[in-house]
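# Results of the structural survey
Here is how the chains run, residue by residue.
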Amino acid sequence: MFVPPERAGYDRTPVMYDPRGRILQILYARRAVSQGTPSCGILFKDGVLVAGRRKMSALLMPNRKVFQIDEYIVATFAGYSSDGIFLIEQARDRAATLRFVYGSDRPDVYLIARYISSIMHQATLYAGLRPLGVSIVIAGSDLSGPKLYFNDPGGSTVAWKAGIIGRNAQAGEEFLEHIFRSNGPESISLEDAIKYAIVAISVASGKMPSPSEIEIGCIRLDEPAKILTADHAEIKDLYDASIEIFNEWKSKHRRERGEEEEEAEEEEE
Amino acid sequence: MFVPPERAGYDRTPVMYDPRGRILQILYARRAVSQGTPSCGILFKDGVLVAGRRKMSALLMPNRKVFQIDEYIVATFAGYSSDGIFLIEQARDRAATLRFVYGSDRPDVYLIARYISSIMHQATLYAGLRPLGVSIVIAGSDLSGPKLYFNDPGGSTVAWKAGIIGRNAQAGEEFLEHIFRSNGPESISLEDAIKYAIVAISVASGKMPSPSEIEIGCIRLDEPAKILTADHAEIKDLYDASIEIFNEWKSKHRRERGEEEEEAEEEEE
Amino acid sequence: MFVPPERAGYDRTPVMYDPRGRILQILYARRAVSQGTPSCGILFKDGVLVAGRRKMSALLMPNRKVFQIDEYIVATFAGYSSDGIFLIEQARDRAATLRFVYGSDRPDVYLIARYISSIMHQATLYAGLRPLGVSIVIAGSDLSGPKLYFNDPGGSTVAWKAGIIGRNAQAGEEFLEHIFRSNGPESISLEDAIKYAIVAISVASGKMPSPSEIEIGCIRLDEPAKILTADHAEIKDLYDASIEIFNEWKSKHRRERGEEEEEAEEEEE
Amino acid sequence: MFVPPERAGYDRTPVMYDPRGRILQILYARRAVSQGTPSCGILFKDGVLVAGRRKMSALLMPNRKVFQIDEYIVATFAGYSSDGIFLIEQARDRAATLRFVYGSDRPDVYLIARYISSIMHQATLYAGLRPLGVSIVIAGSDLSGPKLYFNDPGGSTVAWKAGIIGRNAQAGEEFLEHIFRSNGPESISLEDAIKYAIVAISVASGKMPSPSEIEIGCIRLDEPAKILTADHAEIKDLYDASIEIFNEWKSKHRRERGEEEEEAEEEEE
Amino acid sequence: MFVPPERAGYDRTPVMYDPRGRILQILYARRAVSQGTPSCGILFKDGVLVAGRRKMSALLMPNRKVFQIDEYIVATFAGYSSDGIFLIEQARDRAATLRFVYGSDRPDVYLIARYISSIMHQATLYAGLRPLGVSIVIAGSDLSGPKLYFNDPGGSTVAWKAGIIGRNAQAGEEFLEHIFRSNGPESISLEDAIKYAIVAISVASGKMPSPSEIEIGCIRLDEPAKILTADHAEIKDLYDASIEIFNEWKSKHRRERGEEEEEAEEEEE
Amino acid sequence: MFVPPERAGYDRTPVMYDPRGRILQILYARRAVSQGTPSCGILFKDGVLVAGRRKMSALLMPNRKVFQIDEYIVATFAGYSSDGIFLIEQARDRAATLRFVYGSDRPDVYLIARYISSIMHQATLYAGLRPLGVSIVIAGSDLSGPKLYFNDPGGSTVAWKAGIIGRNAQAGEEFLEHIFRSNGPESISLEDAIKYAIVAISVASGKMPSPSEIEIGCIRLDEPAKILTADHAEIKDLYDASIEIFNEWKSKHRRERGEEEEEAEEEEE
Amino acid sequence: MFVPPERAGYDRTPVMYDPRGRILQILYARRAVSQGTPSCGILFKDGVLVAGRRKMSALLMPNRKVFQIDEYIVATFAGYSSDGIFLIEQARDRAATLRFVYGSDRPDVYLIARYISSIMHQATLYAGLRPLGVSIVIAGSDLSGPKLYFNDPGGSTVAWKAGIIGRNAQAGEEFLEHIFRSNGPESISLEDAIKYAIVAISVASGKMPSPSEIEIGCIRLDEPAKILTADHAEIKDLYDASIEIFNEWKSKHRRERGEEEEEAEEEEE
């Protein structure tokens, strides 16, 4: 990778701007995110889901890619897994605090997302820390309905209709934009949302992962969160239906996307 | 970007002057501001407003660009959104403190603006911190009438009649100066102020944003703040009226401004 | 600007001397002062005044250049306005402490000036801080009569008969020296002092600023401080009288000063 | 070793990303791990074991390579032994806390593994610390059955079926993958697991270590952990049986693996 | 100024020795002292005095150069005035502590001098501080008679019979050595001491300063300290008598000293 | 000494790995150890001893090389003597704590060795500290018998049968290995152990030191530690017997070892 | 002075080893010691003494070179006087603590010497401090007889029979070695010890200093310490007798030592 000379030196700490007003260490931390396995989130008619592709190998126990935060809140992340787990645990603590200290049965999802992004923001304010190398997708249903938030290494919290992060996220995003250009969350059913999530992850992965590699956490309005893999009886049919959508999208996009596919380096988690 | 040799090294920390007495990290933080989407503020006869252009996309929930600070106080910002939200929350806390601790029903707008700029100033005084990469426009009405303040990454608070920050702010400023050269706030109605704000943002944006992209927060003397987008029934007509003003101004300025328009890089928020 | 090689490296922190015993960061901070709009102070027969030129523009509310510290004390500054306001607020707090804690109705002006310069001095003693980029002129009347102090970024407090700081201060100083070479404060009336202040600021500015640009704060022995701009009824005649003095001085000095006038860079405040 | 120029400087502290989003000091700490003597862990039908090769010499007392953490929990590590012992002691303290403070007779293995990895993660978050140069394998049986976790210098905790770390771990991993590709832990007996562990370590070592060099700690469901060396009566036969498996595997893999075997530098422990 | 290469880098902090065992930042701080206006101190038969030359200008109020520390103790300094005043205030606090806490009517002069030099010494022990750029001469009379101490930026306290510091101190020192080579303090009267002080300062200044520029603080055994300028009635005759001594000395030394006189740079205070 | 370019910069702090996973400052601290006068330890049938060569000179009082830690525990060290004494005192404090706080009459030797190595390990974990430049040999007899531990600057504790540290330790180690290759501690008598220790030290020294230069501390099972020099009546005969063993070993090894003997630099202690 | 390239950079802080295991900042601090005026200490039959050469000049009061620490303890030092005085005061505090807190009438000399060297050692352990640039000789008589200790900038405490530090100490040491090669302290009388001290200092000084320049502090078994200069009646005769010994030694050593005598730089104290 070529480092242009004028950049040299401005990228050593998060408490330094370069002459163009950028904080390069935050940009680099985003590179760590963009090398993780893909994770996505989708709001639908009466709920919200997150999904991610987990790593499988003969010697590993199945890893979690989706985490329960509270009864009605789940999260997933892409990037450095140790930073991710650190924040997941912070989110769980915050949810417990809201639940027990403030006596809230349905902790506010935005408050938890903001709490996490405050931690991430602090890590960009002080010399001697580093921005956290992870982005977190938090989904949940609280008293005002389903919510989906994205937290960035820079410390921002953005509300999503749908989105995807991790390696090759751009490709998955194109698919989701294609869906959401003509539909709002209000016209998407849980079943559709699951299929779209599977396809978005598959598009970002360049192929359909095996059903057991895809983990999905979803919350319908007043039902507690469920976390399942795509080989679960409830989802298997939707997985099968996704294959067709994936192939259709792929054949449509093969020509333009073909060569761009990176030889995604597997340095993360 | 060319870095002149004599600057090299003086721009690594906010606690260092260059030989000309400048603190370069503050200048660089202002570059972050000048790359944000435009935000403006205008004092008028019996009130004050702030307005900004928010980012829209198929996959994003509508983002806030204008934030309520207290019943009679609103704010907007340009620059790093995570720094901005951090300060917005500080402003809200301060307003709550003034309201509840000091028992003030109409918290003093200057006190809140100064509180925020003190935080921003501290960040320029200590090694190991960075200037915050955001400018904040705070508007409100307190016991002595409507107020409009601008807070800079260097930590100053300046009282405005009208102003605009963010990408291409210069262009929008020219439009506002043209208006205020012949009029004081006392001769501008709420309706005019809204139109001028829409045009200023459009001029800085290089085109009329769609009505839903423009968010406006305004306070009339003794009415609580209202935050609306330009596609709201109360404002839609004013938006339509702005188109004409915008086109007139544009045709008048096309010749001189044409080539200067930057290919504004979208690296912020 | 040319940086002679032997200086390189000694100017990075206020806690380092160069081989000639100089603390270069303090010299650089003084450069920030010497780029501010001019401020002056003059002791006269029965009182003291400070005056400064404030920035005006169509879009700005009039800025303060002179600040009330206590009933009988005012101050002005040149340099980074956020550093200046920070110190002004410290001075006000100190005056309030002296007034309320120590029960002093006429707080001692030197104690306040020293308090401010202690803060400024501390900022030159510790790595990780920066010298404050501002000089402050404090004027007041206490139990032992009128006082005028100048605080420098290095942390010293100097008692003045008269003085001027900011851009092109040298030129204004020549005018004041011309006056004070033959007169002591005891032979100068309030009216004269105001005229001399207006002329000194005008000389430093290279032209007569408009009356509303000049702000004057004055204290007569037992009268509380008054802060007025030169377009105020009480002062307008003195402003008009100053024009003649200014022109006279200018024609006398044109030949030698002509080319030296810098293209004063407007980077401050 | 060649250091590519673009890397220079990004590898000085764990709180700095390189332009590709990597934290190089963590990668270097992993190099310390990959130079330790091999350690492995294997889950089997009704329990779990860890095993490692310890260093022997005429002048040394036999060193521990497997450590008891609690009645049902053992651990081994590869890398800097002083970092390893430090973490082993932390793990013991944590187990004692869980046991005595929380009154748990069978402390949760994941809680202990996470506690250790939190310490390792913290060491990657703050300037002035270094990532710990060790990876730890923790095995135990708690109320939900046998568990096997791997803790990395980056601070992650990964659940394993089987795995091996240390010098030439890749070679041992290939052997274990060969076993686990066709078998799950549920079809492996304690005896098989011990043999596989001995072979994996031997493969990584390039030859069969002497029986007294191999230390094994194993836990069957409700039996306290036992730590033995391979020359112990209970294991000796299994060691002998392993020789054949080792030779078979070696002859099969000689051709491709032959030259790659490093002249493993003995700089660790 | 030429910086020999072997020095480069050893002079950046007071907590670093160069290869010859020198702490260069202390040497540089002494350069700041050697650029101040001259100050001297002289022990005489029944007392002690300090004297210094103060800066005068049409626009300045007369500056102090001699400071009262306690009823029987005075001090003067050369170097950075803000460091000097800081230490003067510390000395006054210490004297007050000795007086009120320890109930000492005649605070011990050495204890105060040591207290000041301890502060100066601390500033040479810790990274992140700078040696103070000032030397202080403390004179007083306590229960064991008159005392004269010199405090150096390195933190030492030295007892003097007589001495002089500041710009061109060497020249003044030659004069004092000439006097003290043949006389001890016990053979010098107050009047002589004042004359010698005036001459020493004049020699260092290269010319007789005007009487009002010379400030003298003297203590006779049991009389409180008096601080006067040389135009005061009590001293004026001694000033006049000094002119002759000065001229005599000057004519005697003109030949050898002539060209060495520096174009003393006026960068201090 | 040649510093290979790829090493440059990785060796400035103990909290930095080089690209090969080494902590170079620890390696350098070991160089300090390897320049100390030799120290050794030997376990024997019913006890343990440490021995070292102390420095003698006409002007020095005899220096300690062996230190009593507790009634049954002794220690010796090689490397920076001020670091060594610092740790010896820590060990004594720890022994006293174990004895008095925990009521242990025979403090556990491992606990004391680990306490010392924890301190040494901490010094490798934090920027701003340095690894201690000393290795410590601790020997003692506790409730489970005689023990011998070696603590390294990296913070590890290793159990020894026998060992030697300091200048030219390798040569002494060869001798000890030769002894221990065919004998375990259980077949070595106290008298033999003393002779072997004297020879090992002599081999490392390149010649027999005088009897008074060799200090020996030994503990037999239930007898308190005794510290004697080799000119003491109890040992003198053993010293004489060692000469023969030394000469024999030397003549055997002269050919191969002859030229390697360094001109051991005497920079330590 | 030539700085060999491999040293560059390792000598910036006391918490860094060079590749040969040396802490260069400690070596440099010793250079500061070796430039001080000479100080020595000598144990004799029934007591101990320290002696040093003090600086004299027409303008200075006589400086102390020998300091009383307690009734039976004295000390002297060579190196930076402000570091020396700082430690002398610490030693006095420690003696007072031992005396009053522990109720010891004859404070243990080793405890005080160790206390001082602990402070000196700490200064070599933490970044941000500097080794103290002074060596201290402490002599005293406690319950176990006379003691003489030498404390080095590295933090070690060494027991001496006799020794000398400061400029040209080597030459003085040769003289003392000559004396002690054939005599132990037990055969030296107080009178001899004083003469040897005077000669050692004179040898290091290159000439006999005047009697008033030599200060001697001595303690006989149960007599309190006395500090006298060599012009005192009790010592004058011994001074005279020393001249002869000095001349004898000098003529004997002139040939070999002649040219080595440095033009000792007078940069210290």
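Residues numbered from 1 in each chain as written. Chains lettered and ligands numbered in written order. Predicted model: local features only at pLDDT ≥ 70, side-chain atom pairs only at ≥ 80, totals over all residues. Heavy atoms only, no water.

## Some points on the overall build of chain A
Worth spelling out the cut-off: Numbering goes from the N terminus for both helices and strands, where a helix is a DSSP run of H or I of at least four residues and a strand is a run of E of at least two. Only protein chains enter the accessibility calculation, which uses a 1.4 Å probe; a residue is then buried when its area is under 20% of its type maximum, exposed when over 50%, and partly exposed in between. We call two residues in contact whenever any of their non-hydrogen atoms come within 4.5 Å of each other. The accessible surface values rely on the Shrake-Rupley method and a 1.4 Å probe; as for residues, cover is taken only from the protein chains in view. In this tally, Asp and Glu contribute negative charge and Lys and Arg positive charge; neither His nor the terminal groups of the chain are included. Lys charges are placed at NZ, Arg charges at CZ, Asp charges at CG and Glu charges at CD.
Broken down by element type, chain A carries six helices and ten strands. For chain A, the spread of C-alpha atoms along the principal axes amounts to about 55 × 55 × 45 Å. Counting every position in chain A, which comprises 269 residues, the buried fraction comes to 61%. Contacts in chain A between residues far apart in sequence, at least 24 positions, make up 67% of those at least 6 positions apart. When the accessible surface of chain A is totalled, it reaches about 10300 Å², and 50% of it is carbon and sulfur. Here chain A contributes 32 positive and 40 negative side-chain charges, whose respective centroids are spaced 2 Å apart.

## Description of the side chain of S212 of chain A
Residue and element names in this part refer to chain A. One can find S212 in the loop between α5 (190-205) and β9 (214-220). By relative accessible area, S212 is classed as buried at 19%. Residues in contact with S212, not counting those within four places in the same chain, are R54, M56, T229 and D231.

## Quick word on the packing of helix α3 (residues 109-122) of chain C against helix α2 (residues 81-100) of chain E
In plain terms, the rule: Only the contacting stretch of a helix is used when fitting its axis, a line to C-alpha atoms as for every element, and angles between N-to-C directions run 0 to 180 degrees. Orientation labels follow simple angle bins: below 35 degrees gives roughly parallel, above 145 gives roughly antiparallel, 65 to 115 gives roughly perpendicular, and whatever is left gives oblique. By definition, turning the near helix anticlockwise from the far helix through less than a right angle yields a left-handed crossing, and turning it clockwise yields a right-handed one. Amino acids are sorted into nonpolar (Ala, Val, Leu, Ile, Met, Phe, Trp, Tyr, Cys and Pro), charged (Asp, Glu, Lys and Arg) and polar (every other residue, Gly among them).
For the pair α3 of chain C and α2 of chain E, the least separation of the axes is 11 Å and the interaxial angle reads 115°. One way to sum up the angle between α3 of chain C and α2 of chain E is to call them roughly perpendicular. At the point where α3 of chain C passes α2 of chain E, the crossing takes the left-handed sense. Together, R114, H121 and Q122 of chain C of α3 of chain C and S82, D83, I85, F86 and E89 of chain E of α2 of chain E make up the contact between the two elements. For the contact of α3 of chain C with α2 of chain E, the class distribution of residues is two nonpolar, three polar and three charged.

## So, the nonpolar core
Here is the rule we go by: To define a nonpolar core, start from buried Ala, Val, Leu, Ile, Met, Phe, Trp, Tyr and Cys residues and group those joined through side-chain atoms within 4.5 Å.
Formed by 70 residues in total, the largest nonpolar core has its most connected members in Y17 of chain A, Y17 of chain B, Y17 of chain C, Y17 of chain D, Y17 of chain E, Y17 of chain F together with Y17 of chain G. For this core, the secondary structure elements donating two or more residues are α1 (24-33) of chain A, α1 (24-33) of chain B, α1 (24-33) of chain C, α1 (24-33) of chain D, α1 (24-33) of chain E, α1 (24-33) of chain F together with α1 (24-33) of chain G.

## A few points about a nonpolar patch on the surface
Residues and elements named next belong to chain E. To be explicit about the condition: Like-charged residues are merged into a patch within 9 Å and nonpolar side chains (Val, Leu, Ile, Met, Phe, Trp, Tyr) within 5 Å, provided each residue has over 30% relative accessible area and no salt bridge. For this document, the term salt bridge refers to a Lys or Arg side-chain nitrogen within 4 Å of an Asp or Glu carboxyl oxygen.
On the surface, F100, V101 and Y102 cluster together to form a nonpolar patch covering roughly 410 Å² of accessible area. Considering the arrangement of structural elements, one finds V101 in the loop between α2 and α3 (109-122). You can call V101 exposed: its relative accessible area is 61%.

## Examining the interface of chain C and chain E
How large an interface is tends to be reported as the accessible area lost when its parts come together. How we decide: The quantity reported as buried area is the accessible area (1.4 Å probe) lost by two parts once they are put together, taken as the sum for both.
On the side of chain E, 32 residues touch chain C, which itself brings 35 residues to the contact. For the pair chain C and chain E, the two sides together bury roughly 2900 Å², of which 56% comes from carbon and sulfur. Considering only the surface of chain C that becomes buried against chain E, Y17, P19 and R20 of chain C emerge as the three largest contributors, covering 25% of it. On inspection of chain C and its partner chain E, the count reaches one salt bridge. A salt bridge links R114 of chain C to E89 of chain E; the shortest N-O distance between them is 2.8 Å.

## As for unusual backbone geometry
A positive phi angle, close to 60°, is found at N168 of chain A, a residue other than glycine. Structurally, the position occupied by N168 of chain A is in the loop between β8 (162-165) and α4 (169-182).

## Structural notes on the interface of chain B and chain A
Condition: We call two N or O atoms a polar contact when they sit within 3.5 Å, provided that within protein one can donate a hydrogen and the other can accept it, with sequence-adjacent residues counted only if both atoms are side-chain atoms.
Across the boundary between the two partners, chain B contributes 31 residues, which contact 36 residues of chain A. Counting the surface lost from both chain B and chain A, the interface buries some 2900 Å², and carbon and sulfur atoms represent 56% of this. The tally of links from chain B across to chain A stands at one salt bridge. Between chain B and chain A we count 15 residue pairs in polar contact (both at pLDDT 80 or more) in total. For the side of chain B that touches chain A, the element with the most residues is helix α2 (residues 81-100) of chain B, which contributes six residues.

## What about the sheet that holds strand β10 (residues 226-229) of chain E?
The strands that make up a sheet are held in pairs by hydrogen bonds between backbone atoms, and each pair lies either parallel or antiparallel. All names here are of chain E. Convention followed: Only strands joined by at least two bridges in the DSSP assignment are considered to pair.
Pairing is antiparallel across the open sheet formed by five strands, whose spatial order is β8-β1-β2-β9-β10. If you trace the sheet from one side to the other, it starts and ends with β8 (162-165) and β10, each paired once. On average, each strand axis in the sheet is tilted by 15° relative to the strand beside it, whichever way the strands run. Across four bridges, the pairing between strand β9 (residues 214-220) and β10 is antiparallel. Following the sheet pairing, E215 is matched in β10 by T229. Strand contacts of helix α4 (residues 169-182): β1 (39-44) and β8, with the helix running at about 170° to β8, the strand carrying the most contacts. The sheet contacts of helix α5 (residues 190-205) involve β1, β2 (47-53), β8 and β9, and relative to β2 the element is tilted by about 25°.

## Observations regarding α1 of chain C
All names here are of chain C. With seven of its ten residues buried, α1 lies for the most part within the structure. Turning to α1, its buried residues number three or more, namely L24, Q25, I26, Y28, A29, A32 and V33. On its buried face, α1 sits against β4 (73-79) and β5 (134-142).

## Some words on the packing of aromatic side chains
In plain terms, the rule: Note on ring pairs: Phe, Tyr and Trp rings are taken, using the six-membered ring of Trp, and paired if centres are within 6.5 Å. Classes follow the plane angle, with under 30 degrees stacked, over 60 edge-to-face and the rest tilted. The criterion for a charge sitting over a ring is simple: Lys NZ or Arg CZ within 6 Å of the ring centre, and within 35 degrees of the ring normal.
Under the criterion given, the structure shown has 42 aromatic pairs over all chains. An aromatic cluster is defined as three or more aromatic residues linked by ring pairs; in this entry it consists of F175, Y196 and W249 of chain A. Its guanidinium or amino end placed over the ring of F77 of chain B, K65 of chain B lies 6.0 Å from that ring's centre, counting from NZ or CZ. Positioned over the ring face of Y72 of chain B is R106 of chain B, at 3.8 Å from the centre of the ring.

## Remarks on the sheet that holds strand β5 (residues 134-142) of chain B
All names here are of chain B. Strand order in the open sheet formed by five strands is β3-β4-β5-β6-β7, and the pairing between neighbours is antiparallel. Looking at which strands have only one partner, the edges of the open sheet turn out to be β3 (66-70) and β7 (157-159). On average, adjacent strands in this sheet sit at an angle of 25° to one another, irrespective of strand direction. Examined bridge by bridge, β5 and strand β6 (residues 145-151) share seven bridges and lie antiparallel to one another. If you follow I136 over to β6, its bridge partner there is N151.

## Let's talk about the pattern of salt bridges
All names here are of chain G. Taken as a whole, this structure holds 102 salt bridges over all chains when the rule is applied. Put simply, D222 and R106 hold a salt bridge, and the shortest N to O gap is 3.1 Å. Taken together, the residues span a long stretch of sequence, with D222 in the loop between β9 (214-220) and β10 (226-229) and R106 in the loop between α2 (81-100) and α3 (109-122) at a distance of 116 residues. Assessed through its relative accessible area of 15%, R106 is described here as buried.

## A few points about the confidence of the model for chain A
Residue and element names in this part refer to chain A. How we decide: On a range of 0 to 100, pLDDT expresses the predictor's confidence in each residue.
Model confidence for chain A is summarised by a mean pLDDT of 90, while 91% of its residues fall at 70 or above. Scored below 50 in pLDDT, residues 1-7 shows eleven contacts in the model against residues more than four places distant or in partner chains. Low pLDDT, under 50, characterises residues 258-269; the predicted model gives this stretch 23 contacts beyond four residues in sequence or across chains. Confidence estimates for the predicted assembly give a pTM of 0.90 and an ipTM of 0.88.

## Digging into the pairing of strand β9 (residues 214-220) of chain D
All names here are of chain D. Extensive coverage of β9 is indicated by the burial of six of its seven residues. Bridge count between strand β2 (residues 47-53) and β9: seven bridges; the pairing is antiparallel. Within β9, the position partnered with R53 by the bridge is I214. Following β9, the chain reverses through five residues before pairing antiparallel with strand β10 (residues 226-229).

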